[in-house]
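These are the residues of each chain, in order.
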Amino acid sequence: MRKLVFLFMIWIIFPSMAQASEQEEWIVRLRNESEIEMLTNAYKTKVLDVDGAFAKMSLTEEEVSEIKQLPYVLQVEPNYVKRAASVPNDPFFYEQWALQKIDWVLPNFASRNLLIGQTVAVDGKMETYTGQTLKGKDFVFTVGDQSVSRISVQLDHVEGTWRLEVLDDAGNLLGWNEGTLAKLDVRLNRSAPTIHVRVQPIDWTVEPTVVEIKAVDHLLVAVIDSGVRMHEDFGDNILYSLSVDYAEKKRYAEDTFGHGTHVTGIVAAVANNAKGISGVIGNAPVDILPIKVLDHYGSGGDFEIAKGVRYALEKGADMINLSLAGKGETTVLRSAIDDAIHQGVLVVAAAGNSHMSTATVYPASYPGVITVSATNERDEPISIANYGWEVDISAPGDNILSTYLNGYRTLRGTSMAAPYVTGALAVLKALHPHEDAIQLRTRLLETAKDVHEHGYDIYSGYGLLQMQKAIQSPVPSQAVDWLDFQHGQPIEKGRLYWIGFSPSLQGKTAHLFFGGRLVHSFTITNWLMTVRLSDFISEKEGDISVLITDGNKKVIAFENRTSPVRPTTFRDVPPKHWAYKVVQQAQSLSFVRGYGDGTFRPNDRLSRRHGIMMMNRAFGWEAPSVLSSPFRDVSLSSSGALAVLNASERHILKGADGKAHLDQPLTRGQMALMLVRALQIENETLHTSHLFQDVTAGEVRKAVQLLAERGIVAKQSAFRPNDPITRAEFAAMLVRVHERKK
């Protein structure tokens, strides 16, 4: 007995020792698919599943060491488990407060059956299809040039297995499905002017009646989760007959956990059906493909998740929702996500609920994934949400009511936030079908409501999802976006950053600017490219711009990443200094920046170069229309060149003798002229006049008077137009300009 107690204590204190020989799931990566058979023959009972050159195996630590030595094995990784990113909460919360928060309005378009009104040949007999029941096995529809993404057939009864085939006029198979459900769905990889629909019951005693044949042109959203339980609040756009179960190996993705049904309801619960709730997509032309990768405990391995992603791609998914998260990275999952991103599929993932950095949380931290955090009714990040530079946007995720296994239930977590974003993207894509993934990302992120901290922050991303603004926002015809580099994010040495381009930009030239100077140019050869910023930039922080030009140097797309000024107290601007408050305010507004030694040098003369750079930040000039310097003494690689081009194009900086003279001091008179041009008030009429004894005539006089009238310059006896302006004086004037514009 004492020996048993001793062994039990050893197990409690040193569980890893006691379980050293236990089997766990591992992912084995081989050199190529042909070598899977060799592995299977060598370890017949150990190989649980295969996917291409990857095999999922049940192994002990000793077996792992052994397999790593095999010449055809490239890699062995744990099959890390991800868990559903949700936390159950109050089950009696019956108001959908979240829809109001995201500025949701029921989309005013809906799905329609493209076969209604078309001629159908039923076993050779012609008639017009109006939705009536049909007897027969072979139905031929003429749909013309209409695009069809799915055919569904509903039978009056089921005796067993039956097969549904869809063919073109030449007899080529467009798609098929087989099962025991009364309704089978077929996704079509391509459409055809004439569609043959064949119903093939297998050993039935009573021939079925076709209750409905439906053809639609829908987007496809894959919900990779714990599956789905068919619900009173779901419509026929839940493609249950095409669902797949990689978690529990059942025929269909039957939800035994509840999480997947909840997530699906947030996206797709039928609107205006007098039942339950309204999903984000309303009744929009969107299909939902349930893919089960989480078991009845809400857990699933990377291997299963990767298979789910690949199945979604095989079925032609336009977007994928992954309301799951966990630590541990595997090549199998990363490669699947990479494939989805490279195919232009929008992948949305929950940030996770461990209140930890997203940097080591997957799939949230994979480049290109749209990572979603969660907010409460006060627009604050929920306490359990993960945070980090990987967070792109937020959506409601606290006490969210949705469909559940046997009714409705409220859950909490970033899992609930992700489907709001997925649903919004589906509506955006349905309304703007010709826009690419980068344009849709731009709509989504640039219209988010700023919450939590000003501008981008690692807790809420670019802010709270706003559907109406995203729908109505004008979007560039060609867009560029950093997929894994945010505003204010420090540059990491050696790291590759992803940039996404509208596909139409391929062949054009991209120009990378840092601090307003050109540091690198390259030809766009793919819609997704990587750049190692540290190859061209030594600093960790600074403003980064990407400008795309055509053959005539015309700027056709651009993207700016600004580095917010981190508040600091300049040691040479003490609280008793006259400019202390305005310098601090100018710094908080990102108008001014200090020097590396912690000084601001308030009394130093301001150069024309730095004056233009400060104005560029203060007025928010984004990009010039043409990337060509108008001045002989300004090259694109010189500091602040981008600001100079912006100022010149707006006729704010005019220079002299074809030169900008950027290193000369900026005089107070020159400052006055540039400010009135930037404010576009140089042609306005003066209503009052202040006597500046040293400014009596010319355009400088009017400029000074216009600024004085607006309180931007002080009304004193002398203005000193020929004196150089100091850094503190100009900071004060820009702050006053900002106050006037508010």
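Residues numbered from 1 in each chain as written. Predicted model: local features only at pLDDT ≥ 70, side-chain atom pairs only at ≥ 80, totals over all residues. Heavy atoms only, no water.

Participant: Kindly report on the packing of aromatic side chains, identifying the contributing residues and their values.
Facilitator: Aromatic ring pairs are reported here in terms of the distance separating the ring centres and the angle at which the planes meet. The full count for this structure, using the stated rule, is 13 aromatic pairs. Taken together, a centroid distance of 6.4 Å and an interplanar angle of 80 degrees make the contact between tyrosine 246 and tyrosine 311 edge-to-face. One end of the pair, tyrosine 246, is in the loop between β18 (244–245) and α6 (259–268); the other, tyrosine 311, is in helix α7 (residues 302–314), with 65 residues separating them in the sequence. Looking at tyrosine 311, the relative accessible area reads 13%, which means it is buried. (Phe/Tyr/Trp six-rings, centres within 6.5 Å; stacked < 30°, edge-to-face > 60°. Helix = DSSP H or I, 4+ residues; strand = E, 2+ residues; numbered from the N terminus. Buried < 20%, exposed > 50% of the residue type's maximum accessible area, 1.4 Å probe, protein only.)

Participant: Which residues make up the environment of aspartate 604, and what are the values?
Facilitator: With respect to the helices, strands and loops of the structure, aspartate 604 is situated in the loop between α12 (580–588) and α13 (608–619). As a C-alpha pair, aspartate 604 and aspartate 156 span 448 residues in sequence and 86 Å in three-dimensional space. Filtering out sequence-adjacent residues up to four positions away, aspartate 604 remains in contact with Ile725, Thr726 and Arg727. (Contact = heavy atoms within 4.5 Å.)

Participant: Lay out the sheet that holds strand β25 (residues 370–375) in plain terms, naming residues and giving numbers.
Facilitator: The strand order β18-β19-β17-β21-β23-β25-β26 describes an open sheet built from seven strands, whose pairing is parallel. The open sheet has two free edges, formed respectively by β18 and β26 (391–396), since each of these has just one partner strand. With three bridges connecting them, strand β17 (residues 219–225) and strand β21 (residues 319–322) associate as parallel partners. Note on β21: the bridge partner recorded for valine 221 is methionine 319. Set on the sheet, α7 makes contact with β17, β18, β19 (286–292) and β21; between it and β19 the angle comes to about 150 degrees. (Pairing = 2+ DSSP bridges. Axes fitted to C-alpha atoms, helices over the stretch in contact; angles between N-to-C directions.)

Participant: Quick one: what's the story with the sheet that holds strand β29 (residues 480–482), residue by residue and with numbers?
Facilitator: Spatial ordering of the open sheet is given by β29-β30-β33, a layout of three strands whose pairing is antiparallel. Edge strands, defined here as strands with exactly one partner in the open sheet, are β29 and β33 (528–532). Across this sheet, the average inter-strand angle for adjacent strands is 30 degrees, counted without regard to direction. Pairing analysis gives five bridges linking strand β30 (residues 496–501) to β33, with the strands arranged antiparallel. Its bridge partner being in β33, leucine 496 is matched across the sheet by arginine 532. Packing of helix α10 (residues 437–446) onto the sheet brings it into contact with β29 and β30, and relative to β29 it is tilted by some 65 degrees.

Participant: For the nonpolar core, give the residues involved together with the corresponding values.
Facilitator: In terms of nonpolar packing, the biggest core is built from 105 residues, with Ile291, Ile320, Tyr420, Val421 and Leu425 touching the most fellow members. At 10 residues, helix α9 (residues 414–431) tops the list of elements feeding residues into this core. Membership of the second largest hydrophobic core comes to 56 residues, among which are Leu606, Met671, Leu707 and Ala728. (Core = buried A, V, L, I, M, F, W, Y, C linked by side-chain atoms within 4.5 Å.)

Participant: Now, about the pairing of strand β35 (residues 555–561): what can you tell me, with residues and values included?
Facilitator: When a strand is regular, its side chains alternate between the sheet's two faces. Of all seven residues making up β35, five are buried, and the element is well covered by its neighbours. Taking the residues between adjacent antiparallel strands as the criterion, strand β34 (residues 544–549) and β35 are bridged by five residues, where lysine 553 takes a positive phi near 65 degrees.

Participant: Kindly report on the confidence of the model for the chain, identifying the contributing residues and their values.
Facilitator: Across the chain, the average pLDDT comes to 91, with 95% of residues at or above 70. Every residue in residues 1–20 is under pLDDT 50, and counting partners more than four places away or in other chains gives five contacts. Taken as a whole, residues 87–94 scores under 50 in pLDDT and shows 22 contacts with residues more than four places along the chain or in a different chain. (pLDDT = per-residue confidence, 0-100.)

Participant: So what about the packing of helix α15 (residues 668–679) against helix α17 (residues 727–741)? Which residues, and what values?
Facilitator: Relative to each other, α15 and α17 sit at 20 degrees, their axes nearing to 12 Å. When the axes of α15 and α17 are compared, the pair comes out roughly parallel. When the axes of α15 and α17 are compared, the crossing they make is right-handed. In this structure, α15 contributes Arg668, Met671, Leu675 and Leu679 to the contact, and α17 contributes Glu729, Phe730, Met733, Leu734, Val737 and Arg740. Among the residues making up the contact of α15 with α17, the classes are represented as seven nonpolar, no polar and three charged. (Parallel < 35°, antiparallel > 145°, perpendicular 65-115°, else oblique. Left-handed = near helix turned anticlockwise from the far one by under 90°. Nonpolar A, V, L, I, M, F, W, Y, C, P; charged D, E, K, R; others polar.)

Participant: So what about the pattern of salt bridges? Which residues, and what values?
Facilitator: Inspection of every chain in the model, using the stated rule, returns 41 salt bridges. We note a salt bridge from glutamate 304 to lysine 56, for which the minimum N-O separation is 2.3 Å. Pair noted here: glutamate 304 is in helix α7 and lysine 56 is in strand β3 (residues 54–59), with a separation of 248 residues, a long-range link. Classification of glutamate 304 by relative accessible area gives buried; the value is 6%. As a salt-bridge pair, arginine 668 and glutamate 729 come within 3.5 Å of each other at their nearest N and O atoms. Taken together, the residues span a long stretch of sequence, with arginine 668 in helix α15 and glutamate 729 in helix α17 at a distance of 61 residues. Judged by its relative accessible area of 8%, arginine 668 falls in the buried class. (Salt bridge = Lys/Arg side-chain N within 4 Å of Asp/Glu carboxyl O.)

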